[in-house]
Every structure is written in C-alpha cells, then in structure tokens.
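# Overview (structure and organization)
In case you want the letters, here they are:
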Amino acid sequence: MTEQTPENAPGNPALLRGMTQRRYGRRDVLRLGGIAAAGLGLAACGVAGAGKKVSLTQAQRIAAAYWPKQHQHGVVNFANWPLYIDPDHETLKMFTQQTGINVHYSEVIQDDPSWFAKIDPIIRSGQPIGYDVMVVTDGFEFSDLVALQELTPLDQSMLKNFHKHAAPKFQRRSFDPGNTYSIPWASGSTGIAWNPKYVSGPITSINELWNPKYKGHVGMMSDIQEIGNFGLIKLGIDPESSTEADWRKAAQALKEQRQAGIVRQYYDQSYISALTQGNIWITMAWSGDIFQQNISAGTNLQFAVPQEGGNIWTDNMMIPKHAQNPVDAMKLMDWFYKPEIAALLTEGINYITAVPDARQIITTDAARAAGSKATTLQQVANSSLVWPSAETYRRLYNYVSVSGAHVDAYKSIFEPVVAG
C-alpha cells in the first residue's frame, strides 16, 4: 500500500482536486509541451518498426496459448496515476483479505507520453517493467502499445465480473475491440460548460462554441485529441471512423473559429478558473471538473453533452508484456467490477464507472451516512455528470484512434490550430 506523504495527506488541495478531476492539471506541462511532443515522437518512431498488426483472432490464439501456462503467485504490482483510488485503499485491502494476494500499489504514472517512453525500451528488450497492471488512457500511447505488441491479451474467462456487470458502452469500444487488451478503470466525458451569469441556457448545440455573440469569451481545449474530436463532431463526422481528409476539414472549421476572434484562449486545466471568474462564458469542459467545482466552490456552473455529441475518454487497466504476475493481475482487474468494490472506488474518485449497479450501493451508503459525507455521497449518486444517461452515452465518441505515422499526420493538422 502507498504510504501517506505530504502530497496525499488529507486536506491537501491537490488531493481534493484529484478526487474528481481528470488529471490534466498535473500532466499538461508534459503532454502539451515539448516533452509531450518528444514522447509522441518516440511513439511514432517506435510503431514504424513494429511487426505486422495482430488481428483479433490472432490475439485470441496468443491468449489461448499463453494463459494455461501461467500460475498465481500471491502478489501483484499495480502502477497508477496519483490520487486515483479510494483514499484509504480499502478496495485493495479487501482484495488481499479475500484472495490472499498482496498488492504493491504505486502512483508512478504522471502522463501517458513519458510513461510510454519509460516502459517501451524495457518491453522491447524482453524484460518486465516491474508492474503487472498499469492504467493508460485511450489515445496515442494506447494505440502504440497495441501496434507494438507490448501488451498481453487478456484471459476473458477470468473476467466474469466484468462481463456480468460492465455497461454495454464499456464492453464495446472501438479502440480495443473485444476488450482484447484492456478493461476500463474509470472514465469521463468532454462536453460544453457555461457560466449562467453570462450565458442563458440550456446550451444544446456544439455550434454555440462558434456563436459570434460569445466572441472573445469562448474557451477551447489545447489538447489536440479533444479539440480534433470536437471539430469532427461539429461537421457531423464520426471521429472513430474519420479519415485524414476529414481531419483537415475539421481543422479548417477550428481555424475559422479562431480567426473570427471567437476563441479567447486554448486552455489546459486552467479553463475552470477562467469560467468561474467570467473571463470565458462558455467552453469545452470535462464533466468531473464541473462536478467538483460546484461542490467545492459552491458555484452553479452548467454542463451538457451537445446534441451532436461529445467525447468520452477512458483510463484502462492492462497487463504489459513480460509481466511477472499476470494471473494475480487478472484477478485484481476483475475485482474492481464487483459492484460493491466499484461503488467504493466511485465514492472515492467520483469519475464515471463502468459498473451501473454501483449507483444503488452509493445511494444506500448515502442514506446510512451523516453530515457532509452524506451530502457528498448523495451528490455523487444523483449527478448526471457521474452517471450519464443511456441517451447521453449514445452521443459520446472515443478519440480518433491513431498510431505510428498517422500520429504525425494528425499532429501536423491540429497542432497549428492551437499554436496559431
């Protein structure tokens, strides 16, 4: 278990932010700056030397040959992002009590590019990275890990809780068909937020981000995966099946928005402060940010997934190639799909869970709690930001799935939007 440090001590503002916000505030410097570009460059160069892409059928054959030879060892090493589990690690303690498997939990992932750059040469050399489970976001690095065959195909027979309790949206994901290499840890959505002091809602269309009446007061994200998706969605193009020609059309729409003076700034996590203070009135936003800001600051910021659609991102549990304790890792991954365990995790981090049955458990926990804890749990249980409706899920798109040379093409098209 992770020891408590000043950084994760109760009351630390970073901890309070991390409980419900996507971690861009801690990784933007890397992901959106020069180091991110270097990381993506490494990823692209790596995939260029990869072997022939493994088909779903081939991956299943690899799994069928691999898993019967593996055995439980009684230990699992888990690599995760900071502040991304229930604060007291009760979920891990309960796992050890029930299975006898000890969990060595480490908060060692700060961003996807630098994590990929660290583990890629180790896996290429045929060595274990020291972790049996790791959490990686869908996007560039996820695609590269798959293309480079640096992940272990999962044993689907050991994912009974997942197949029983995971919502359909999370069992059918375009970036990992058949959940061949991963299952979700937690998720969130990207939509539109607005400050009702300046914008009378409800906001229902993505076109409001291009509305001249908000000129100079619109916030857009500086993350090119996020903004690229929104450009495509505005044009009625499904990001998950888009082409390079589609990307160019979307980039042009985004450039026209910028050239018209509508965009005040392309933001990292700082958009939430700008929206609260009224520097921007309407913006692209992450659902968890709005949920936490309203709880912690008593604001009344509004959020919606536009009728044309928004983004869904997923942080995924996966097993790196050459892992030393893969059976123990599979058992831990499936453990988090027990509804009572998923409820504990969701109560701690407030992200979207893939387990809808956890909601009733949280509702029951709220009824049993008292004071501020009861209020917070009630808000978690009742928030549409934590529990999107089925209709909302139908309007949420995964990121464009690119790797290798396609990363360079994608970057060359959308980075000038933000840089300009």
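Residues numbered from 1 in each chain as written. Predicted model: local features only at pLDDT ≥ 70, side-chain atom pairs only at ≥ 80, totals over all residues. Heavy atoms only, no water.

Secondary structure assignment for the protein chain yields 19 helices and ten strands. Going through the 420 residues of the protein chain one by one, you find that 56% of them count as buried. Residue pairs at least 24 apart in sequence account for 80% of intrachain contacts in the protein chain once pairs closer than 6 positions are excluded. Here the protein chain has roughly 16800 Å² of accessible surface; of this, 51% comes from carbon and sulfur atoms. (Helix = DSSP H or I, 4+ residues; strand = E, 2+ residues; numbered from the N terminus. Buried < 20%, exposed > 50% of the residue type's maximum accessible area, 1.4 Å probe, protein only. Contact = heavy atoms within 4.5 Å. Areas by Shrake-Rupley, 256 points an atom, 1.4 Å probe, with all protein chains shown as cover.)

Considering only enclosed or pocket space, the second largest pocket measures out at about 460 Å³ in volume. Surrounding the second largest pocket, 21 residues form its lining, Lys-53, Val-146, Phe-175, Pro-177 and Ser-401 being those nearest its centre. Elements with a contribution of two residues or more to the lining of the second largest pocket: helix 4 (56-66) and helix 7 (140-147). For the lining of the second largest pocket, the element with the most residues is helix 7, which contributes three residues. (1 Å grid on protein atoms, 1.4 Å probe; cavity = no way out; pocket = protein on both sides within 12 Å on 5 of 7 lines; lining within 4 Å. Points joined across faces, edges and corners; volume = space filled by probe spheres on them.)

On to the packing of aromatic side chains, then. Counted according to the given criterion, the structure contains 17 aromatic pairs. Judged by centre distance (4.9 Å) and plane angle (65 degrees), the rings of Tyr-84 and Tyr-351 are edge-to-face. Placement of Tyr-84 in the loop between strand 1 (75-80) and helix 5 (90-99) and of Tyr-351 in the loop between helix 15 (339-349) and helix 16 (358-368) is noted, with a sequence separation of 267 residues between them. A centroid spacing of 5.0 Å and a plane angle of 85 degrees characterise the contact between Phe-162 and Tyr-337, whose relative ring orientation is edge-to-face. In this pair, Phe-162 sits in helix 8 (residues 160-165) while Tyr-337 sits in the loop between helix 14 (326-335) and helix 15, placing the two residues 175 residues apart along the sequence. Since its relative accessible area comes to 0%, Phe-162 is described here as buried. (Phe/Tyr/Trp six-rings, centres within 6.5 Å; stacked < 30°, edge-to-face > 60°.)

Right, let's talk about the packing of helix 5 against helix 14 for a bit. The geometry of helix 5 relative to helix 14 is characterised by a closest axis approach of 11 Å and an angle of 125 degrees between their N-to-C directions. As far as their axial angle goes, helix 14 and helix 5 are oblique. Seen from above, helix 5 lies across helix 14 with right-handed handedness. Two secondary-structure elements touch here, helix 5 through Thr-91, Leu-92, Met-94, Phe-95 and Gln-98 and helix 14 through Asp-328, Lys-331, Leu-332 and Trp-335. Looking at the contact of helix 5 with helix 14, its residues break down into five nonpolar, two polar and two charged. (Axes fitted to C-alpha atoms, helices over the stretch in contact; angles between N-to-C directions. Parallel < 35°, antiparallel > 145°, perpendicular 65-115°, else oblique. Left-handed = near helix turned anticlockwise from the far one by under 90°. Nonpolar A, V, L, I, M, F, W, Y, C, P; charged D, E, K, R; others polar.)

In the case of a regular strand, side chains alternate between the two sheet surfaces. Of all five residues in strand 7 (residues 282-286), five are buried, a share of seventy percent or more. Two strands pair when backbone bridges link them, and strand 4 (residues 182-194) and strand 7 are joined in this way by five bridges, in the antiparallel orientation. Bridging across to strand 7, Ala-193 finds its partner in Thr-283. Sheet analysis places strand 5 (residues 218-221) next to strand 7, joined by two bridges and oriented parallel. The partner of Gly-219 across the bridge, within strand 7, is Thr-283. (Pairing = 2+ DSSP bridges.)

A cis amide bond links Gly-201 to the next residue, Pro-202, at an omega of 0 degrees. With respect to the element layout, Pro-202 can be found in the loop between strand 4 and strand 5. With a phi angle near 50 degrees, Asn-179 is a residue other than glycine that sits in the positive phi range. As for its position among the elements, Asn-179 is in the loop between helix 9 (168-171) and strand 4.

We now examine helix 13 (residues 287-297). Among the residues of helix 13, Ser-287, Gly-288, Asp-289, Ile-290, Phe-291, Gln-292 and Gln-293 are the ones counted as buried. Gly-298 sits one or two positions beyond helix 13 and adopts a positive phi of about 70 degrees.

Glancing now at helix 5. Here helix 5 has its buried residues at Thr-91, Leu-92, Phe-95 and Thr-96. Considered in projection along helix 5, the buried side chains sweep an arc of 135 degrees and stay on one side of the axis. In helix 5, those exposed residues whose orientation departs by more than 90 degrees from the buried face are Gln-97 and Gln-98. The inward-facing, buried residues of helix 5 contact strand 1, strand 2 (102-107), helix 14 and helix 15. (Arc of directions from axis to C-beta.)

Averaged over the protein chain, the pLDDT score is 88; the fraction of residues at 70 or greater is 88%. Contacts from residues 1-46, a stretch scored under 50 in pLDDT, to residues over four places away or in other chains number 107 contacts. (pLDDT = per-residue confidence, 0-100.)

As enumerated under the stated definition, the model contains six salt bridges in all. Salt-bridge contacts for Arg-248 lead to Glu-244; the nearest nitrogen and oxygen are separated by 3.1 Å. Placement of both Arg-248 and Glu-244 in helix 11 (residues 244-259) is noted, with a separation of four residues, approximately one turn of the helix. Residue classification places Arg-248 among the partly exposed residues on the basis of a relative accessible area of 47%. With a shortest N-O distance of 2.8 Å, Arg-395 and Glu-391 are connected by a salt bridge. (Salt bridge = Lys/Arg side-chain N within 4 Å of Asp/Glu carboxyl O.)

Let's shift gears to the side chain of Arg-173. The topology assignment puts Arg-173 in the loop between helix 9 and strand 4. The buried category is assigned to Arg-173, whose relative accessible area is 4%. Here the side chain of Arg-173 touches Asn-179 through a polar contact of 3.1 Å, side chain to side chain. Once residues within four sequence positions are removed from consideration, Arg-173 is found in contact with Asn-179, Ser-182, Ile-183, Pro-184, Thr-314, Asn-316 and Asn-398. (Polar contact = N/O pair within 3.5 Å; in protein donor to acceptor, adjacent residues only side chain to side chain.)

Turning our attention to the environment of Asn-316. With respect to the helices and strands, Asn-316 occurs in strand 9 (residues 310-318). Each C-alpha atom, one on Asn-316 and one on Ser-187, is 8.7 Å from the other, the two residues being 129 residues apart in sequence. A polar contact of 2.9 Å, which involves the side chain of Asn-316, links it to the backbone oxygen of Thr-314.

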